[in-house]
Amino acid sequence: MIAAGSHIRETTASDGSITIDLPDEKATAALAGRLAPLLRGGDVVAFRGDLGAGKTSLARALIRALGDPAEPVPSPTFTLVQTYSLPAFDLWHFDLYRLESAEDAFELDIEEAFAGGVSLIEWPDRLGRWLPERRLEIALNFTDDGESRRAVLSGCGDWAARLASLRDD
Ligand SMILES: Nc1ncnc2c1ncn2[C@@H]1O[C@H](COP(=O)(O)OP(=O)(O)OP(=O)(O)O)[C@@H](O)[C@H]1O
Ligand SMILES: [Mg+2]
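How each quantity is defined
Throughout, a residue's number is its position along its own chain's written sequence, starting from 1. The lettering of chains begins at A and the numbering of ligands begins at 1, in the order of writing. It should be noted that, the model being predicted, local features are given only for residues of pLDDT at least 70 and side-chain atom pairs only at 80 or more, the latter also being counted only at that level, while totals for whole chains, interfaces and linings use all residues. Exposure criterion: with C-beta atoms placed from backbone coordinates, a residue whose C-beta has 20 or more other C-beta atoms within 10 Å is buried, one with 12 or fewer is exposed, and one in between is partly exposed. A run of H or I in DSSP becomes a helix once it reaches four residues, and a run of E becomes a strand once it reaches two; helices and strands are each numbered from the N terminus. Here, a strand pair is defined by DSSP locating no fewer than two bridges between the strands. For a crossover, the right-handed case is the one in which the path from the first strand over the helix to the second runs clockwise, viewed with the strands pointing away from the viewer. For each residue, a C-beta atom is placed from the backbone, and the residue is labelled near a molecule or strand when this atom is within 6 Å of it. Each residue is assigned to one of three groups, with Ala, Val, Leu, Ile, Met, Phe, Trp, Tyr, Cys and Pro labelled nonpolar, Asp, Glu, Lys and Arg labelled charged, and all others, Gly among them, labelled polar. In this context, the arc is that of the directions from the helix axis out to the C-beta atoms. For every residue pair, C-beta atoms are placed from the backbone, and the pair is scored as a contact if these atoms sit within 7 Å.

Account for the pairing of strand 6 (residues 118-122), naming residues and giving values.
Within strand 6, 5 of the 5 residues are buried, leaving the element largely enclosed by the surrounding structure. Burial along strand 6 is two-sided: the face carrying Val118, Leu120 and Glu122 and the face carrying Ser119 and Ile121 are both buried. Pairing of strand 3 (residues 44-48) with strand 6 involves 4 bridges; the strand directions are parallel. Each residue of the ladder has a partner; that of Phe47, found in strand 6, is Glu122. Two elements, strand 5 (residues 90-95) and strand 6, share 5 bridges in a ladder whose sense is parallel. Bridge pairing links Phe94 to Ile121 in strand 6. Chirality of the crossover, the property in question, places the unit of strand 5, helix 3 (residues 110-116) and strand 6 among those that are right-handed.

Give a description of the site of ligand 1 that names residues and reports values.
In the vicinity of ligand 1 lie 18 residues, with Leu22, Gly54, Lys55, Thr56 and Ser57 positioned nearest. Contributions of two or more residues to the shell around ligand 1 are made by helix 1 (25-35) and helix 2 (55-66). Here the residues of the shell around ligand 1 are counted per class, giving 4 nonpolar, 7 polar and 7 charged.

Explain helix 1 to me, using residue names and the numbers behind them.
Turning to helix 1, its buried residues number three or more, namely Thr28, Leu31 and Leu35. Summarising the axial view, the buried residues of helix 1 lie within an arc of 60°, below the 170-degree limit, and thus occupy one face. For helix 1, the elements touching its buried residues are strand 2 (18-22), helix 2, strand 8 (149-155) and helix 4 (159-168).

Interpretation in functional terms is not warranted from these geometric data alone.
Structure (structure tokens):
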């Protein structure tokens, strides 16, 4: 499907995954605004993509869409985790690039995050077998022009139906 009346191209594959062009950070913020109402306590969102692909930008836009639009959202590059007390739930923003072993994630309170909070995780593969199966996957890619980005959203468990509601809006 091509979204009508918009310069943003959006397509849905037969497996239900959604591809959305993000020509600039405004488009990233618009996607965050659509995703924010879908999130509930206990959710895990895995952000994939190369260095600089736009993972933190989308996570930051989501955190702002869920709470204060002026919220300072530093990248957790060095701290590995930043936490936010949002109106609907607590949110953990992880950047696990520098995590040395998957088990070290327990020192970052990842169990508490998974239990009731919302977890936004950059470099999710660092968690190995501890990465929850029920999660929303967002893969960010550079486009050919090197300036804009493209997001591919896919999910398992109830995320399939929740993504369908994203398509319908
Ligand atoms: N949709 C977009 N269009 C154009 N530029 C973007 C977009 N999203 C992010 N950027 C720019 O890309 C740069 C890197 O973004 P960001 O820090 O979010 O990447 P990252 O994937 O988190 O990187 P890292 O792997 O280092 O954590 C930033 O300068 C940001 O402004
Ligand atoms: Mg980042």
